[in-house]
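Structural characterization, general
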Amino acid sequence: CSGGMQEAQTWPHGVAAHRLACDGEYRMRLLDDLEELRAFIVQRYIDAKSSGSDLLTAALPESIQAVDVGSLRRMLEATEAASAALKGERLRQLLMLAGSQRFLERMTTALERKAGQEAKLLTAAKEVEARRNEAKLQLMALAPKVAELVGRTRLCKASVEQGLSVMLRRRVNVLGEFNNVISHTGL
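Criteria and cut-off values
Residues numbered from 1 in each chain as written. Predicted model: local features only at pLDDT ≥ 70, side-chain atom pairs only at ≥ 80, totals over all residues. Heavy atoms only, no water. Helix = DSSP H or I, 4+ residues; strand = E, 2+ residues; numbered from the N terminus. Expected span 1.5 Å × (residues − 1). Buried < 20%, exposed > 50% of the residue type's maximum accessible area, 1.4 Å probe, protein only. Axes fitted to C-alpha atoms, helices over the stretch in contact; angles between N-to-C directions. Parallel < 35°, antiparallel > 145°, perpendicular 65-115°, else oblique. Left-handed = near helix turned anticlockwise from the far one by under 90°. Contact = heavy atoms within 4.5 Å. Nonpolar A, V, L, I, M, F, W, Y, C, P; charged D, E, K, R; others polar. Salt bridge = Lys/Arg side-chain N within 4 Å of Asp/Glu carboxyl O.

Quick notes on helix 6 (residues 69-87)
Its 19 residues give helix 6 an end-to-end C-alpha distance of 27 Å, which sits within 8% of 27 Å, the value for a rise of 1.5 Å per residue. For helix 6, every residue scored as buried is listed here: Gly-70, Leu-72, Leu-76, Thr-79, Ser-83 and Leu-86.

Next up, the structure:
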């Protein structure tokens, strides 16, 4: 920011961008001008919407009289957007980056740290995915064994029911969670 006019001409958007970046007083004056413009547009918008403002409108120059309510609303939105951009955190950070070597170094260190964390998290995500795939394969490998166990359990259940039915001389059915487990296996 100390290079003057020669440096300003090398900026992508010229002298105005250079002054905006380097001159705090210029930024403050610009914000003041935007606030004044905003106040004017708000008042003009209110006047344009009210029906009793014909006398006020007649006193205005013809170029201002020709602006309709929709145009005023768009102008107001554009003015507020410009003001928000000048007051925004993003511009503050960019100005700090341009003006403070220490801030630039801190930001660089923080970004490098985050890049390292990103690499660790990506590695961890790949490991979790690998474990998930391994668990799926193990479940698929266990499916025949589970089917065999369920089949044997059903045979045991039938055998117990038959043995109890003979001993008690009436039909016996085994009830409860046991049946739920066997029936929910889908085998």
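Read on for the rest.
A short note on the packing of helix 3 (residues 24-49) against helix 6
Direction vectors running N to C along helix 3 and helix 6 enclose 155°, while the axes themselves pass 9 Å from each other. The orientation of helix 3 relative to helix 6 falls into the category roughly antiparallel. Pair helix 3 / helix 6 crosses with left-handed handedness. From helix 3, Leu-30, Leu-31, Leu-34, Glu-35, Leu-37, Arg-38, Ile-41, Val-42, Arg-44, Tyr-45, Ala-48 and Lys-49 reach across to helix 6, where they touch Val-69, Leu-72, Arg-73, Met-75, Leu-76, Thr-79, Glu-80, Ala-82, Ser-83, Leu-86 and Lys-87. Class assignment of the residues belonging to the contact of helix 3 with helix 6 gives a composition of 14 nonpolar, two polar and seven charged.

Focus: the pattern of salt bridges
Applying the stated criterion across every chain yields a total of eight salt bridges. The residue Glu-35 makes a salt bridge to Lys-87 at a minimum N-O spacing of 3.4 Å. Placement of Glu-35 in helix 3 and of Lys-87 in helix 6 is noted, with a sequence separation of 52 residues between them. Residue classification places Lys-87 among the exposed residues on the basis of a relative accessible area of 54%. Its salt-bridge partner being Arg-131, residue Glu-127 comes within 3.9 Å of it at the nearest N-O pair. Of the two residues, Glu-127 and Arg-131 both sit in helix 8 (residues 101-168), four residues apart, roughly one turn of that helix. Taking relative accessible area as the criterion, Glu-127 reaches 42% and is therefore assigned partly exposed.

Purely spatial values, then, with no claim about function.
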